[in-house]
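Geometric and topological summary
The residues making up each chain are set out below.
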Amino acid sequence: MVWVMQHAGFVRYFESVLRELAARGHRVDVAFETARDKLFERAAADAAVRGLENIRLMDLPAWSFTPAEAIVQACRQMRDSLRYHHAEYRRAPLLRNRADRFLPPVAGRVVATCIRPVPVARRALERACEAVERSTPPASGIQQLVSDCRPDVLLVSPAVNFESTQPEYLKAAARAGIRTAAAIPSWDNLTTKGRLGWLPDRVFVWNDAMRGEAQRYHDVPPDRIAVTGAPVFDPWFDWTPSCSREQFCRRVGLLPEHPFVLYLGSSAFLAPREADFADEWIRAIRTSDDPGIAGLGILVRPHPINVQPWNSADIENYGNVAVWPRRLQHPSEPEVRRDFFDSLFYCAAAVGVNTSAQIEAAILGKPVLALEMPALERSQRQVLHFDHLAAGPSPLLSVARSFPEHVTQLRRALDGDPALAGRSRRFIDSFVRPRGTDVSAAACVADELERLAGSPARPAYQLPRFAAVTRATALVPGVMVVWLYGTAGKPFWVVMLRAVLRIPLAAAMLVSAAADGLMTTLALPRTATRSMRRTGLRLAHEARASLVKGGKRGARVIRALNAEGGRLYERGQKRGRRVVRSVRRESAGIIRQTLHRQRKRVSQLRHRVRRALTGA
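Definitions and limits used
Residues numbered from 1 in each chain as written. Predicted model: local features only at pLDDT ≥ 70, side-chain atom pairs only at ≥ 80, totals over all residues. Heavy atoms only, no water. Helix = DSSP H or I, 4+ residues; strand = E, 2+ residues; numbered from the N terminus. Buried < 20%, exposed > 50% of the residue type's maximum accessible area, 1.4 Å probe, protein only. Contact = heavy atoms within 4.5 Å. Areas by Shrake-Rupley, 256 points an atom, 1.4 Å probe, with all protein chains shown as cover. Patch = residues over 30% accessible without salt bridge, like charges linked within 9 Å, V, L, I, M, F, W, Y side chains within 5 Å. Salt bridge = Lys/Arg side-chain N within 4 Å of Asp/Glu carboxyl O. Pairing = 2+ DSSP bridges. Right-handed = clockwise from strand over helix to strand, strands pointing away. Axes fitted to C-alpha atoms, helices over the stretch in contact; angles between N-to-C directions. Parallel < 35°, antiparallel > 145°, perpendicular 65-115°, else oblique. Left-handed = near helix turned anticlockwise from the far one by under 90°. Nonpolar A, V, L, I, M, F, W, Y, C, P; charged D, E, K, R; others polar. Phe/Tyr/Trp six-rings, centres within 6.5 Å; stacked < 30°, edge-to-face > 60°. Expected span 1.5 Å × (residues − 1). Core = buried A, V, L, I, M, F, W, Y, C linked by side-chain atoms within 4.5 Å. Lys, Arg positive; Asp, Glu negative; His and termini not counted. Charge placed at Lys NZ, Arg CZ, Asp CG, Glu CD.

**So, the overall build of the protein**
What the protein contains, in helices and strands, is 24 helices and 13 strands. For the protein, the proportion of its 616 residues judged to be buried stands at 48%. If you take every contact in the protein between residues at least 6 apart in sequence, the share linking residues at least 24 apart comes to 72%. Here the protein displays about 30500 Å² of accessible surface, and carbon together with sulfur accounts for 57% of that area.

Spelled out as structure tokens, the structure:
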């Protein structure tokens, strides 16, 4: 098998699967697209597969794409952005704005204002991008590599990242008649990343909820989805603590005689101001009327790659509060895993905003609590995967909407309320190991891969009959966009043409924004006043932005026409400023000298008067 991963950091998600495949005698070549080693991921990956003779790690070369292949990549980025303009993402502006940032600025504005309000236009553009994808052969270098390796199965992970080249590997394998699969590493990838650029033979997901997301958001047929459980959590079912509770508390700086609650930090993208919220949360606990709650120990465990905000926080002054650890870490390090397990094993309850660490707390049977407040809306309700934890048939979180309600839930957790532990158990049975708590996800993935390898291979993919026409049709506007809106130095007439094209574009933006507001008003009659107000504000904002941008572009055109005159004017300004500064300095010097002489004369006069009065 050949398993293409974006970088070595993804090995930790599938370490148990690699070990299971090696134990069954399968050979797996794990190939990395990029050599990212920001947190020493490669060393951690080497340590994870050390001793496994059938597992080999390798780096893939950097591919250079032809203009046609670059247009295909741009079409993938467009499809990634368009998926966030569906109705399901209306409450997720955070995700939509991030997806639009991967597009060129002009394309992002066109999609956001002209395409989103018109579902027919959105679907038409999606179909056009898909047609370009299917009409373009894979990159020649990738096709040659896949044909030379000729594996029984080619896997990719994560398969849904923005600006990913992994669809090229899936397409190359389909052209060669090789079975393909995509292993989704995390529970949020299907709703927070890009689309599956190319449909593989199998898509491995954790549970039925992710199965529904694969069908709804990525158009994967049900017969191509395999529910296997979460391989990344397999070790958590077998680990044991590395020290006693008293030793652990003394190591992190907590009082062993008091129970402690563990605060689980989230990523910087989801919770950029989490340290401020944690300070407010700790203050609410310390001021509680319940002595047992007010005296709780509090251990704050930052997200492994988001420790900087906590280093400047001053929350340890509350007493019996510790922030640990305070250094940047990689989750694959054995020491980091051991310390994190001990933190969860000995805590009385876990509290977090929105993080996968809440799932790990549930595996150990801990009550998992959360606060849902307006300040946390960005981190929770504006991302779809939070619903996995807080909603659904088996929700994990005990959600409070105020600090007093949260303190009451903490009291129940300290008293050992069996209902809270039951929530964690039911969630794990349905979300992490849907095939049974005693059945590892790694074994399920290995079984599915063996079944796929033994199934008849699909016929080799053939390009459509009019593929060349489709590619040429897409290449012309693609080259024009790059040529007109590129940032490199352009001739004057290109600059002028850009300025002229922006005028109808701004008008289209204003009209589409007004249409969008009108559609929203008609669809939501109960909130018509609010929708009209928002539409008016949006129109005003777009008009102001267009005027400002038009002014800036006009200034750039004038500077292009009068480059030499502008330089002379700037030189004259500089010389004028130098003359003014010189005059000011001379004037200030004269004034200072005059004042000094006057003060000296006044001092002498005072001295003479004093002498005359004293008779000296």
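**Notes on a nonpolar patch on the surface**
Taken together, the side chains of Leu605, Val609 and Leu613 define a hydrophobic patch exposed on the protein surface, amounting to about 320 Å² of accessible area. Note on placement: leucine 613 falls in helix 24 (residues 563–614).

**Quick look at the pairing of strand 3 (residues 55–59)**
As defined by bridge partners, strand 2 (residues 28–32) adjoins strand 3 across five bridges and the pair is classed as parallel. Residue pairing in the sheet places phenylalanine 32 in a bridge with aspartate 59 of strand 3. A crossover connection joins strand 2 to the parallel strand 3 through helix 2 (residues 41–48); in handedness this β-α-β unit is right-handed.

**Focus: the packing of helix 7 (residues 140–149) against helix 8 (residues 166–175)**
Packed helices, taken two at a time, are described by the angle their axes make and the gap between the axes. Closest axis-to-axis distance for the helix 7/helix 8 pair is 9 Å, and the angle between their directions is 55°. Comparing the axis directions of helix 7 and helix 8 gives the class oblique. In the packing of helix 7 onto helix 8, the handedness of the crossing is right-handed. When helix 7 is examined against helix 8, the residues Ile142, Gln143, Leu145 and Val146 are found in contact with a partner set consisting of Glu168, Tyr169, Ala172, Ala173 and Arg175. In terms of residue class, the contact of helix 7 with helix 8 is built from six nonpolar, one polar and two charged.

**Comments concerning the sheet that holds strand 13 (residues 398–400)**
Across the sheet, which stays open at both edges, the six strands sit in the order 10-9-8-11-12-13 with parallel pairing between neighbours. Each edge of the sheet is formed by a strand with only one pairing partner; in this case those strands are strand 10 (321–323) and strand 13. Strand after strand, the sheet turns through a mean of 25° between neighbouring axes, direction not considered.

**Some remarks on the sheet that holds strand 6 (residues 202–205)**
In spatial order, the strands read 3-2-1-4-5-6-7; together these seven strands make up an open sheet with parallel pairing. Both outer strands of the open sheet, strand 3 and strand 7 (225–227), are each paired with one neighbouring strand and no more. Within this sheet the neighbouring strands show an average axis-to-axis angle of 20°, counted without direction.

**Some words on the packing of aromatic side chains**
Evaluation of the coordinates by the stated rule reveals 23 aromatic pairs. Relative to phenylalanine 14, the ring of tryptophan 3 has its centre 4.9 Å away and its plane inclined at 50°; by these criteria the two rings are tilted. Taken as a pair, tryptophan 3 in strand 1 (residues 2–5) and phenylalanine 14 in the loop between strand 1 and helix 1 (15–23) lie far apart in primary sequence, eleven residues in all. We note that tryptophan 3, like phenylalanine 14, is buried. A ring pair is formed by tryptophan 198 and tyrosine 461, whose centres lie 5.0 Å apart and whose planes are at 80°; its orientation type is edge-to-face. Here tryptophan 198 is found in the loop between helix 9 (189–192) and strand 6, whereas its partner tyrosine 461 is found in the loop between helix 20 (441–454) and helix 21 (467–485), with 263 residues between them in sequence. Each member of the pair, tryptophan 198 as well as tyrosine 461, carries the same accessibility label: buried.

**Focus on the environment of phenylalanine 427**
Tracing the sequence through the fold places phenylalanine 427 in helix 19 (residues 418–432). Judged by relative accessible area, which is 1%, phenylalanine 427 ranks as buried. Note: C-alpha distance between phenylalanine 427 and isoleucine 363 (64 residues apart in sequence) is 9.0 Å. Setting aside residues no more than four positions away along its own chain, phenylalanine 427 makes contact with Ile359, His388, Leu389, Ser394, Pro395, Leu396 and Val432.

**Describing helix 15 (residues 334–346)**
Since the α-helix packs 3.6 residues into each turn, any two residues three or four apart lie on the same face. In this model, helix 15 (13 residues) spans 19 Å end to end at C-alpha, consistent with the 18 Å of a helix rising 1.5 Å per residue. Residues of helix 15 that are buried include every one of Val336, Arg337, Asp339, Phe340, Phe341, Asp342, Ser343, Leu344 and Tyr346, and no others. Buried-residue contacts for helix 15 involve helix 1, helix 11 (245–252), strand 8 (260–264), strand 9 (297–301) and helix 16 (357–363).

**A few points about the nonpolar core**
By size, the foremost hydrophobic cluster in this structure holds 114 residues, and its most contacted members are Trp3, Val30, Trp206, Phe233, Leu299, Ile359 and Leu397. Counting residues in each nonpolar core, the second largest holds 31 residues, with Val353, Leu371, Leu376 and Phe403 among its members.

**Comments concerning a positive patch on the surface**
On the surface, Arg571, Lys574, Arg575, Arg577, Arg578, Arg581, Arg584 and Arg585 cluster together into a patch of positive charge. Summarising the element assignment, lysine 574 is placed in helix 24.

**Regarding unusual backbone geometry**
With an omega of 5°, the peptide bond running from serine 157 to proline 158 counts as cis. Position of proline 158 among the secondary structure elements: in the loop between strand 4 (153–157) and helix 8. In this structure, proline 325 follows tryptophan 324 across a cis peptide bond, with omega equal to -5°. Structurally, proline 325 is set in the loop between strand 10 and helix 15. Positioned with a positive phi, glutamate 163 is a non-glycine residue whose angle comes to about 55°. For glutamate 163, the position within the fold is in the loop between strand 4 and helix 8.

**Remarks on the side chain of histidine 406**
Turning to its location among the elements, histidine 406 is positioned in helix 18 (residues 403–414). Residue contacts for histidine 406: discarding those within four places in its chain leaves Trp281, Val351, Leu369, Ala370, Leu371 and Ala400.

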